[in-house]
Amino acid sequence: MERQEDHLIQATAADSTIRLSAVVSTNLVAEACRRHRTSPTTSAALGRALTGALLLGHTFKDLEYITLRFECRGPVGGIIAEANAHGTVRGYVRNPLAEAESVVPGKLNVGAILGRGTLHVIREAGHEIGLAKEPYFGTVPLISGEIAEDLTHYLATSEQINSAVGLGVYVGPDGESITAAGGYLIQVMPGIDEETLERLETQLQRAPHVTERLRQGASAEEMLLEAIGEFELTVLNRRPVAFKCTCSFERAVNIVTALGEEEVADMLEKDRGAVLTCHFCGEVFNLDEEVLESILRPKVN
Ligand SMILES: [Zn+2]
């Protein structure tokens, strides 16, 4: 089966009292896992976090960046997923090789590698139009460490948004290949009537499993249609999403420059250069002698 391009859609139903978004993120999750060389369970955890960041990022108007930071005591130690309004995402895991025994046969035990901990959500807006607002911080304790449940809990308690979040990542039998990833986020608006809400809840209980449908090649729109059953869906937009890091050689030079002259002179003398590795994508930046010397050279105006 040909793999479909990663994409995200936003939609509404029931006179806009239900807001929905869904994403197919197979390729970007596969790339992130390849770069971080993650174990199967860590792949599922990182993939769910990246997919969740994309979905959450698109629920807030005018949002530019969203960071989900899972700080946890389980073997994975911590996960960061950062998404922006342009649909790009990157992530970091503290211990990429963390594993845990499955309790349900055939199901990776993501909750066990996260364990107890906290979810921090940081939302930023306004930078691109020169009106940077104070970032918004929200923090909740982890409910299960399964990520979808934790995001649902976060939305309900910190943002007062009632929602259903479904996330799925399928790791192939080789333990490495990511053959399906994606998810959906369905929110109900404050004005929704009781009957519609009940109908929606009944539908969602019957919704097919996200991972199964993604493996069968379902698109974001199909996932939503099947999740909400009899409701009519109005698709507002469809956009591509991708893995992309914000690191660059220039940024690496800025980081080293910020260490101060003494430190840079020391690197030059002892190591004849500096090597920086980006925690988010694994890219390696080699700053050779010439670069370090140029940092130390007095700036002529
Ligand atoms: Zn990077």
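1. As for the overall build of the chain
Phase 1: Check the secondary structure of the chain and you find 10 helices and 13 strands.
Phase 2: Its C-alpha atoms give the chain a radius of gyration of 21 Å, within 12% of the compact-globule value 19 Å for 301 residues.
Phase 3: Projected onto its principal axes, the C-alpha coordinates of the chain cover approximately 70 × 45 × 40 Å.
Phase 4: Residues counted as buried form 51% of the 301 residues belonging to the chain.
Phase 5: In the chain, the share of contacts with a sequence separation of at least 24, taken over all contacts with a separation of at least 6, comes to 65%.
Phase 6: Accessible surface, the chain: about 15,500 Å² in total, of which carbon and sulfur atoms supply 49%.
Phase 7: Both charge centroids of the chain, one from 27 positive and one from 43 negative side chains, sit 1 Å from each other.

2. Observations concerning the coordination of the zinc ion
Phase 1: Within the protein, C245 (SG), C247 (SG), C278 (SG) and C281 (SG) serve as the donor atoms for the zinc ion, at 2.2 to 2.3 Å.
Phase 2: Bound by 4 donor atoms, the zinc ion shows angles of 100 to 113° at the metal and therefore tetrahedral coordination geometry.
Phase 3: Read N to C, the donor residues that coordinate the zinc ion are spaced as C-x1-C-x30-C-x2-C. Taken together, the residues span a long stretch of sequence, with C247 in the loop between strand 11 (242-243) and helix 8 (249-257) and C281 in the loop between strand 12 (273-277) and strand 13 (284-288) at a distance of 34 residues.

3. What about the packing of helix 8 against helix 10 (residues 289-296)?
Phase 1: Direction vectors running N to C along helix 8 and helix 10 enclose 55°, while the axes themselves pass 11 Å from each other. Viewed along their axes, helix 8 and helix 10 adopt a mutual orientation that is oblique. Where helix 8 crosses over helix 10, the handedness of that crossing is right-handed. Between helix 8, through F249, V253, V256 and T257, and helix 10, the contact on the second element is made entirely by V291, L292 and I295.

4. Let's talk about the side chain of S43
Phase 1: Residue position: S43 is located in helix 2 (residues 40-57).
Phase 2: The class of S43 is buried, set by a relative accessible area of 1%.

5. What about the packing of helix 1 (residues 26-36) against helix 2?
Phase 1: With their axes 9 Å apart at the nearest point, helix 1 and helix 2 run at an angle of 135° to one another. With respect to helix 2, the axis of helix 1 lies oblique. Every pair of crossing elements has a handedness; the one defined by helix 1 and helix 2 is right-handed. Here helix 1 contributes L28, V29, A32, C33 and H36 to the contact with helix 2, which in turn contributes S43, L46, G47, L50, T51 and L54.

6. Examining the domain arrangement of the chain
Phase 1: Domain parsing of the chain yields domain 1 (7-243) and domain 2 (249-296).
Phase 2: Relative placement of domain 1 and domain 2: their C-alpha centres are 36 Å apart.
Phase 3: Listed as interface residues are 8 residues of domain 1 and, on the opposing side, 4 residues of domain 2.
Phase 4: Taken together, the two surfaces of domain 1 and domain 2 that pack against each other cover about 560 Å², and 58% of this comes from carbon and sulfur.
Phase 5: Contact with domain 2 buries surface across domain 1, with R35, R90 and Y92 losing the most and accounting together for 67% of the total.

7. Observations concerning the pairing of strand 2 (residues 18-24)
Phase 1: Counting buried positions along strand 2 gives 6 out of 7 residues, so the element sits mostly inside the fold.
Phase 2: The turn joining strand 1 (residues 7-13) and strand 2, which pair antiparallel and follow one another in sequence, is formed by 4 residues; a positive phi near 50° is taken by A14.
Phase 3: In terms of strand pairing, strand 2 meets strand 9 (residues 178-188) through 7 bridges, oriented antiparallel. Each bridged residue has a counterpart across the sheet, and for V24 the counterpart in strand 9 is G182.

What counts and how
- Residues numbered from 1 in each chain as written.
- Predicted model: local features only at pLDDT ≥ 70, side-chain atom pairs only at ≥ 80, totals over all residues.
- Heavy atoms only, no water.
- Helix = DSSP H or I, 4+ residues; strand = E, 2+ residues; numbered from the N terminus.
- Rg over C-alpha atoms; globule rule 2.2 N^0.38 Å.
- Buried < 20%, exposed > 50% of the residue type's maximum accessible area, 1.4 Å probe, protein only.
- Contact = heavy atoms within 4.5 Å.
- Areas by Shrake-Rupley, 256 points an atom, 1.4 Å probe, with all protein chains shown as cover.
- Lys, Arg positive; Asp, Glu negative; His and termini not counted.
- Charge placed at Lys NZ, Arg CZ, Asp CG, Glu CD.
- Donors = N, O, S within 2.8 Å, 3.2 Å for Na, K, Ca; no water.
- Tetrahedral: all angles 85-135°; square planar, octahedral: opposite > 155°, others 65-115°.
- Axes fitted to C-alpha atoms, helices over the stretch in contact; angles between N-to-C directions.
- Parallel < 35°, antiparallel > 145°, perpendicular 65-115°, else oblique.
- Left-handed = near helix turned anticlockwise from the far one by under 90°.
- Domains from an automatic or database assignment.
- Buried area = accessible area lost by both parts, 1.4 Å probe.
- Pairing = 2+ DSSP bridges.

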